[in-house]
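These are the residues of each chain, in order.
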Amino acid sequence: MRIQSNNPAAQLGKSGSTGRARSSSGGFSVPQDSGQTSRSQQTSHATGLSDVTSLLALQSVEDPMHGKRRKAIRKGNRMLDLLEDVRMGLLSGNLSVSVLQQLERLTEMSEASGDARIDALVEEIGLRAQVELAKLEGRRAG
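As the structure is a prediction and not an experimental result, all values here were calculated from the model.

Explain the overall build of the protein chain here, please?
Assigned secondary structure in the protein chain consists of four helices and zero strands. Listed by position from the N terminus, the elements making up the protein chain come as α-α-α-α. Put simply, the protein chain has 142 residues, and 14% of those count as buried. Look at the contacts in the protein chain between residues 6 or more apart in sequence, and 53% of them connect residues 24 or more apart. Carbon and sulfur atoms make up 55% of the accessible area of the protein chain, which amounts to about 11800 Å² in all.

Below, the structure written as structure tokens:
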């Protein structure tokens, strides 16, 4: 089986009498069809169909990282919600110890993301939660 390159874009700019009969009057004439042209056209249609089939098959394959990403996104959203609660608690003067403890637990349970900036940010959030917890405990003891 011979595989031929199917690159229609490369043939767009070519001109000449390949497979075409030109009339001297300048009118339109029907190109003469050779057996090779029809075979290559049939092959290109089959190739296009298999390309679509391959794409559909790839879409059905489950990404193993998809579940981890979804879990990380949920954890990140939970952290953002807790940080909002901390901000509101600091502004109102009613900071909850349980919110800080939840935030600290989330940062301790976090796995490495692979991005140094995100990992550093999560560490800073955990440190801030520990500092605020120490401040609250110091106020209660004193």
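So, next bit.
Whenever I open this one, the layout of surface pockets confuses me. Can you help?
Unoccupied space between atoms shows up once a probe the size of one water molecule is rolled over them. A volume near 750 Å³ is recorded for the second largest pocket. Taken together, 22 residues form the lining of the second largest pocket, with Ala72, Ser110, Glu111, Ser113 and Ile118 sitting closest to its centre. When contributions to the lining of the second largest pocket are tallied by element, the ones reaching two or more residues are α2 (66-92) and α4 (116-141). Ranked by residue count, the leading element in the lining of the second largest pocket is α2, at eight residues. Taken together, the residues of the lining of the second largest pocket break down into nine nonpolar, five polar and eight charged.

Just checking my understanding: could you explain the pattern of salt bridges for this structure?
Between side chains of opposite charge, a pair can form as their charged atoms come close. According to the stated counting rule, one finds four salt bridges in the structure shown. In this structure, Arg117 and Asp115 form a salt bridge, with 3.7 Å as the shortest nitrogen-oxygen distance. By relative accessible area, Asp115 is classed as partly exposed at 26%. Among the salt bridges present, the one from Arg128 reaches Glu132, with a minimum N-O distance of 2.9 Å. Highlighted residues: Arg128 and Glu132, both in helix α4, separated by four residues, approximately one helical turn. Accessibility expressed as a relative area gives 46% for Arg128, which makes it partly exposed.

How do you make sense of the side chain of Glu104 when you look at a structure like this?
Inspection of the secondary structure puts Glu104 in helix α3 (residues 97-109). Of the side chains with opposite charge, Arg105 lies nearest to the buried Glu104, which makes no salt bridge, at 7.1 Å. Once residues within four sequence positions are removed from consideration, Glu104 is found in contact with Ala129, Gln130 and Leu133.

I'm lost on the packing of α3 against α4 in this one. Help?
Axis angle and axis distance: for two packed helices, these are the angle between their axes and the distance between the axes, and together they describe the pair. Where α3 contacts α4, the two axes come as close as 9 Å, and the packing angle between them is 150°. As the angle between them shows, α3 and α4 are arranged roughly antiparallel. Once α3 is placed against α4, the crossing between them reads as left-handed. Facing Val97, Leu100, Gln101, Leu103, Glu104, Thr107 and Glu108 of α3, the residues of α4 in contact are Val122, Ile125, Gly126, Ala129, Gln130, Glu132, Leu133, Leu136 and Arg140. Grouping the constituent residues of the contact of α3 with α4 by class yields eight nonpolar, four polar and four charged.

What counts and how
- Residue positions are counted from 1 within each chain, in the order its sequence is given.
- Residues qualify for local features only when their pLDDT is at least 70, as the model is predicted, and side-chain atom pairs are given and counted only at 80 or more; totals for whole chains, interfaces and linings, by contrast, use all residues.
- Side-chain numbers here rest on the full set of heavy atoms in the structure, without hydrogens or water.
- Helix numbering and strand numbering both begin at the N terminus, where a helix is a DSSP run of H or I of at least 4 residues and a strand a DSSP run of E of at least 2.
- Each residue gets one of three labels from its accessible area relative to the maximum for its type: buried under 20%, exposed over 50%, partly exposed in between, using a 1.4 Å probe on protein chains only.
- Only heavy atoms enter the contact rule, under which two residues are in contact if any of them lie within 4.5 Å.
- All accessibility values rest on the Shrake-Rupley procedure with a 1.4 Å probe; residue burial counts only the protein chains present in the view.
- Definitions used throughout: a 1 Å grid over protein atoms alone; a cavity as a set of points that fits a 1.4 Å probe which cannot get out; a pocket as an open set with protein on both sides within 12 Å along at least five of seven lines; a lining residue as one with an atom within 4 Å of a point.
- Grid points are joined across faces, edges and corners, and a volume is the space filled by probe spheres set on the points.
- Each residue receives one of three labels: charged for Asp, Glu, Lys and Arg, nonpolar for Ala, Val, Leu, Ile, Met, Phe, Trp, Tyr, Cys and Pro, and polar for the others, Gly being one of them.
- In the sections that follow, a salt bridge refers to a side-chain nitrogen of Lys or Arg positioned within 4 Å of a carboxyl oxygen of Asp or Glu.
- By the counting scheme adopted, Arg and Lys are positive, Glu and Asp are negative, and His together with the chain ends is not counted.
- Axis lines are fitted through C-alpha atoms, for helices just across the contact stretch, and the angle between N-to-C directions can take any value from 0 to 180 degrees.
- Angles are sorted into four bins: roughly parallel if under 35 degrees, roughly antiparallel if over 145, roughly perpendicular if 65 to 115, and oblique for all others.
- Note on convention: the crossing is left-handed when the near helix lies turned anticlockwise from the far helix by less than a right angle, right-handed when the turn is clockwise.

Bear in mind that shape data such as this cannot, by itself, settle questions of function.
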